[in-house]
Every structure is written in C-alpha cells, then in structure tokens.
Amino acid sequence: MNASTLPVVFHRSEQIDGLKIAYREAGPKDAPVVVLLHGFPTSSHMFRHLMPYLADGYRVIAPDYPGYGQSDAPDHTTYAYTFENFGNLVRTLLERLGVQKYAMYVMDYGAPVGWQLFLKHPEKLTALIVQNGNAYDEGLKTFWDPIKTYWADGAEKSRDALRWLVKADTTIFQYTDGVDDVTRISPDNWVHDQALLDRPGNEDIQMDVMYDYRNNVPLYPEVQRLFREHQPPTLITWGERDTIFPADGAHPYKRDLQDLEFHLFPTGHFALEDKGDEIMPLIRDFLDRKIGKNV
C-alpha cells in the first residue's frame, strides 16, 4: 500500500444529549461496518493503527465515551457515568451515521458498552471480535477484589482505596505488564492516556464508572443466552498474561459460541499494542471471510 492509497482517518464529533461525542471514522460509506469500542483508560486512540489497516474494505467507526478521549467530560455530579448511558450514546451515534448492521471489536470497558448494544438489537451484530473483554464471571479474578468491595458497600473509604487505578504507574503497568519486549510499546500510549486522566474532575469520573461496572455482571446470563440464540461469528484475540482480564475470562466463550476462532497471545492487557502485527491480519482475514463484500 503506497501513500496515495493509504486510507484517511477522519476525526469527527456529534452533539448527542447535549454532549460532544467524538469519533474516528474511515473507509467507504457503503462498506460493511466495524465498530471499535475502546477500554480503560484509553480512547479511540487505541485503534489508530487498526483503522487504516481495515479501512480500504470496511467502514470503521471508533467513538470516545464521555470522559474519555476527545468527548466531553461533564462533572460527575451532573452526568451519570454509566455503561447504559454509554451504550445509548453509541447507539444514537450509529443511528445518526445511518448504520443498520455492524461487527464489533470489544475490549475491556468496550465489552459492556458493546453488550448494551447487543442486548437491545442482537440482530444488528454481524460479527464479534473480543480482546480481553468479559462476558463471564470467571474473568473477574483477584485484581477485582477491592473493586468488588466498593461495589458491595459503596463507601467513600472503598472508593478512595481505588484511586491508585488512575495514577501514572498503573497506566504504564496496563501497557507493559506481561510484555516480553517493552520497546514494542510506544510510551505515547500512557502519556496520552494519563494527560486525560489528570484533567480536573476526571479521577471521580473514573471512580463512578468503576462503581457502575457492578451493573454489568448481572447482565452476563442474558448476553450468554443471546450468544447461544444468535451465534454471531466470533474471533477471540486475547492477551493471556493480562492481570486485569486474565485468560480465565476468554475460555467460557467456547461454551456458547459455535462459530468461534480462538487465539491467546503471550502478552498483557493491551494486546493490540504488542502483538498488532499478528492480531491485525487475523482480524482482517476473519472479517473478509465472515462479512466482507464478497461473502
């Protein structure tokens, strides 16, 4: 691919429910759609390499949730930072963009955002790519114990005990833990993410989102039921050394999905940053076979 044929990624926004919702978009308007749903503590920035890789054959859309990336971040006392609200905003964005059906790439927080879409309109999902994103209780291991304490009591003490999760050392850890060669990981990742985390008021936004995550867990059985009923073609590309979402959460997808392609990679949480040279061709091949124009 030469420079003249390299797809352009556009950086756009829509006003939805009084908020600026930023998103990246690339690819032909009439191509099959792939929605990329980012995790914590990043944004659509995590898909900056994947988007041009796919955009010659797919319309690729990557939104930033409120409080992340270039989207608005209203004070947490005036806006409810819930996964239900995130899902509603992404759904509205897709409707505004005329998207009727779509594949989804879900990672970390992107999984519960994606499940909000799937629960409302499972028939719209054409394919699913899961990278370190939970839909099963087995995936919530030791790392989540202090978070579960906060879910259980909602106490200020328990909330304060989680504030290390938004500090620079933790952000760097998320990118480097489980990685054999950290020189493969651009420091721009944690510099970018931490600058946004450090905005005034953002720490409490993140604590609110962490607290609301408890409401995703009771949805898992219905998500699993819809997996069994609708059987979306699924690709798992999971970093098996992830401390936050270990491979324990990857294997249960095999119980419910019949058209499943399963790959574990010897890396950590942000597998795409370390193993993108292996993962991106798998994604392209999967999409070409399952939803490409020539299918």
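The structure we're discussing is the one just above.
Residues numbered from 1 in each chain as written. Predicted model: local features only at pLDDT ≥ 70, side-chain atom pairs only at ≥ 80, totals over all residues. Heavy atoms only, no water.

(A) Region of interest: the sheet that holds strand β8 (residues 260–265). Sheet architecture is open: eight strands sit in the order β1-β2-β4-β3-β5-β6-β7-β8, paired in mixed fashion. Where the open sheet ends on each side, the last strands, each with one partner, are β1 (10–16) and β8. Shown here is a sheet whose adjacent strand axes are inclined to one another by a mean of 20°, direction ignored. With four bridges joining them, strand β2 (residues 19–26) and strand β4 (residues 59–63) adopt antiparallel strand pairing. If you follow Y23 over to β4, its bridge partner there is P63. Seen against the sheet, helix α2 (residues 83–96) touches β1, β2, β3 (33–37), β4 and β5 (102–106) and runs at an angle of roughly 110° to β1. (Pairing = 2+ DSSP bridges. Helix = DSSP H or I, 4+ residues; strand = E, 2+ residues; numbered from the N terminus. Axes fitted to C-alpha atoms, helices over the stretch in contact; angles between N-to-C directions. Contact = heavy atoms within 4.5 Å.)

(B) Just helix α8 (residues 202–212), in detail. The element α8 is extensively covered by neighbouring structure, given that eight of its eleven residues are classed as buried. Taken as a whole, α8 has its buried residues at N202, I205, Q206, M207, D208, V209, M210 and D212. Where α8 is buried, its residues contact α2, α4 (145–153), α5 (156–160) and α7 (188–197). (Buried < 20%, exposed > 50% of the residue type's maximum accessible area, 1.4 Å probe, protein only.)

(C) Inspection of the packing of aromatic side chains at higher detail. This model, assessed by the stated rule, comprises 25 aromatic pairs. The interplanar angle of 70° and the centroid separation of 5.8 Å between the aromatic rings of F83 and F86 together place this pair among those described as edge-to-face. With F83 and F86 both in helix α2 and three residues apart, this pair spans about one turn of that helix. An identical accessibility class is assigned to F83 and F86; each is buried. Consider the rings of W144 and W151, whose centres lie 5.9 Å apart with planes at 45°: the pair is tilted. For the pair shown, W144 and W151 are each scored as buried. (Phe/Tyr/Trp six-rings, centres within 6.5 Å; stacked < 30°, edge-to-face > 60°.)

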